[in-house]
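A structural walkthrough
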Amino acid sequence: MNSFDLDDIHDLRVASRRFRATLELFYPFAPKDSKRELRKSVRKLTRMLGGLRNIDEALLFFRSRFDADGSAEFKLGNALLKLRLAELKRIKKALAAFDNRSLDRMVRAVIGELKENSIADRNSVSLPAYFSDVSLRLYLPIQRLLAVSTKPELRASRHLLRIAIKKWRYFFEIFAQILDRDYASHLGLLREYQTILGRMNDISEFGLLLGNLDLPKKEQEYARAALLKEDALLLQNLTELIERKPLTYTFLI
C-alpha cells in the first residue's frame, strides 16, 4: 500500500494464492465456522490484484516490442498507464477496506484445530494417505490435458493445464515442508511448465486489454501481431519441453 510496486503487487497476489492452496489442502479438517469466509475473502483478494498485475506486465511486454522497433509514438503505453491509474485507485480503496485482523483470528482458530492426532481421530485417515490421494486427484487432469495441449487451436486446454499444474506445484511445496521431503527437481520441472503456460495466459490477457483500448489502427495491428508472434514461440517452447521433459506422476512418502 506504500508503493504499489509491480513486484510487491505480484508477491502479494502469489502469497494469497499460496494461502488458498494451503487452505484447500486442509479444508476437510478445518472447523466449519471460519473456513468458508476465509476461502471467499482470500479469493476476493487474489482477483482484486489480477487486473493491475496484467496491466503492468502488458506495459513491460509492449514497451520492449515498440522500443525494439524504434517506434516514435507509443499511444498504447499511454493508454495502459491511464488504465493503471484507474485500477490503482480501485485497489487502494479495496485494500484499505480489507479486514486482515478478522481473518487473522479465523486463521489462528483453524490452526488450533490442525493437529495430526486429532485429524486422524476425526477422519480415520493418516496424513500421508490423505496426501497421496490428493496428489493423484491433482495429477489426473494434467495427464488428460497434456495430450492435447500442443494443438494450436486448443487454447482453453492450455489454460486449464496451467491451473492444474499450478495447483499440483503448490501441493508439493506444502507437502514437502510438512513431511520434510526433497522435491526440488520435480518442483523445478513444474516451474518450467508453469512459466511457459503462464506467459501464454499473459498473452491472452494482453489481447483482452487491447480490445478495450481506443488506439490507431496501425498501432493496434502492430500490437496484435506481436502477441501472435509471441504466442507461436511459446507454443513451440511448450511442445519442445513436453518432448524433452515429459511430466509424469511422482509421489514419494
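For the structure given in this document, a descriptive report is provided here. (Residues numbered from 1 in each chain as written. Predicted model: local features only at pLDDT ≥ 70, side-chain atom pairs only at ≥ 80, totals over all residues. Heavy atoms only, no water.)

Overview of the side chain of Q220
Put simply, the test is: Helix and strand definitions follow DSSP, with helices as H or I runs of at least four residues and strands as E runs of at least two, each counted in order from the N terminus. We call a residue buried when its accessible area falls under 20% of the maximum for its residue type, exposed when it is over 50%, and partly exposed in between, using a 1.4 Å probe and counting protein chains only. Contacts are assigned to residue pairs that have any heavy atoms within 4.5 Å of one another.
For Q220, the position within the fold is in helix α9 (residues 217-244). The class of Q220 is buried, set by a relative accessible area of 16%. Leaving out residues up to four positions away in the same chain, Q220 has contacts with L210, L213 and L215.

A short note on a nonpolar patch on the surface
The following threshold applies: Each patch groups residues whose relative accessible area exceeds 30% and which form no salt bridge, using 9 Å between like charges and 5 Å between nonpolar side chains of Val, Leu, Ile, Met, Phe, Trp and Tyr. Exposure was quantified through the Shrake-Rupley algorithm and a 1.4 Å probe, taking into account, for residues, occlusion by the shown protein chains and nothing else. We define a salt bridge as a contact between a side-chain nitrogen of Lys or Arg and a carboxyl oxygen of Asp or Glu at a distance within 4 Å.
Residues L136, L140 and Y249 make up a contiguous nonpolar surface patch of roughly 260 Å² in combined accessible area. Within the element layout of this structure, L140 appears in helix α6 (residues 127-146). A relative accessible area of 44% places L140 in the partly exposed class.

Quick look at unusual backbone geometry
Note: most peptide bonds trans; most residues except glycine with negative phi. The phi angle at D180 is positive, at roughly 55 degrees, despite the residue not being glycine. Secondary-structure assignment places D180 in the loop between α7 (155-178) and α8 (184-211).

Overview of the side chain of E230
With respect to the element layout, E230 can be found in helix α9. Those residues within four positions of E230 in sequence are excluded, and the remaining contacts are F61, R65, R199 and I203.

Here's the deal with the packing of aromatic side chains
To keep it simple, the criterion reads: For Phe, Tyr and Trp, rings pair up if their centres lie within 6.5 Å, where Trp contributes its six-membered ring, and each pair is then called stacked (planes under 30 degrees apart), edge-to-face (over 60) or tilted (otherwise).
The final tally for this structure, using the stated rule, is 19 aromatic pairs. Here the aromatic rings of F26 and F131 are separated by 6.3 Å at their centres, their planes lie at 85 degrees, and the arrangement is edge-to-face. Residue F26 is found in the loop between α1 (6-25) and α2 (32-69), and its partner F131 is found in helix α6; the two are separated by 105 residues along the sequence. The exposure class of F26 is buried, given its relative accessible area of 12%. On the accessibility criterion, F131 (0% relative accessible area) is buried. Connected via pairs of aromatic rings, a cluster forms that spans F26, F29, Y130, F131, Y139, W168, F171, F172, F175, Y183, Y249 and F251.

Concerning the packing of α8 against α9
What counts here: Every angle, taken between N-to-C directions, lies between 0 and 180 degrees, and every axis is a line fitted to C-alpha atoms, over only the stretch in contact when it is a helix. Small angles under 35 degrees read as roughly parallel and large ones over 145 as roughly antiparallel, with 65 to 115 read as roughly perpendicular and the rest as oblique. Helix crossings fall into two classes, left-handed where the near helix is turned counterclockwise from the far one by less than a right angle and right-handed where it is turned clockwise.
Look at α8 against α9: their axes get within 10 Å of each other, and the N-to-C directions meet at 160 degrees. What the angle tells us is that α8 and α9 run roughly antiparallel. Note that α8 runs across α9; the crossing there is left-handed. The segment α8 lies against α9, with E192, Y193, I196, L197, R199, M200, I203, F206, G207, L210 and G211 engaging Q220, A223, R224, L227, E230, D231, L234, L235, N237, L238, L241 and I242.

Remarks on α9
We count it as follows: A helix is expected to reach a length of 1.5 Å times the quantity of its residues less one.
When the terminal C-alpha atoms of α9 are compared, their 41 Å separation across 28 residues agrees well with the 40 Å that a helix rising 1.5 Å per residue should span. Among all positions of α9, only E219, Q220, A223, A226, L227, E230, D231, L234, L235, L238 and L241 are buried.

Examining the environment of H159
Residue position: H159 is located in helix α7. The class of H159 is partly exposed, set by a relative accessible area of 32%. Along the chain, H159 and R105 lie 54 residues apart, while their C-alpha atoms are 35 Å from each other.

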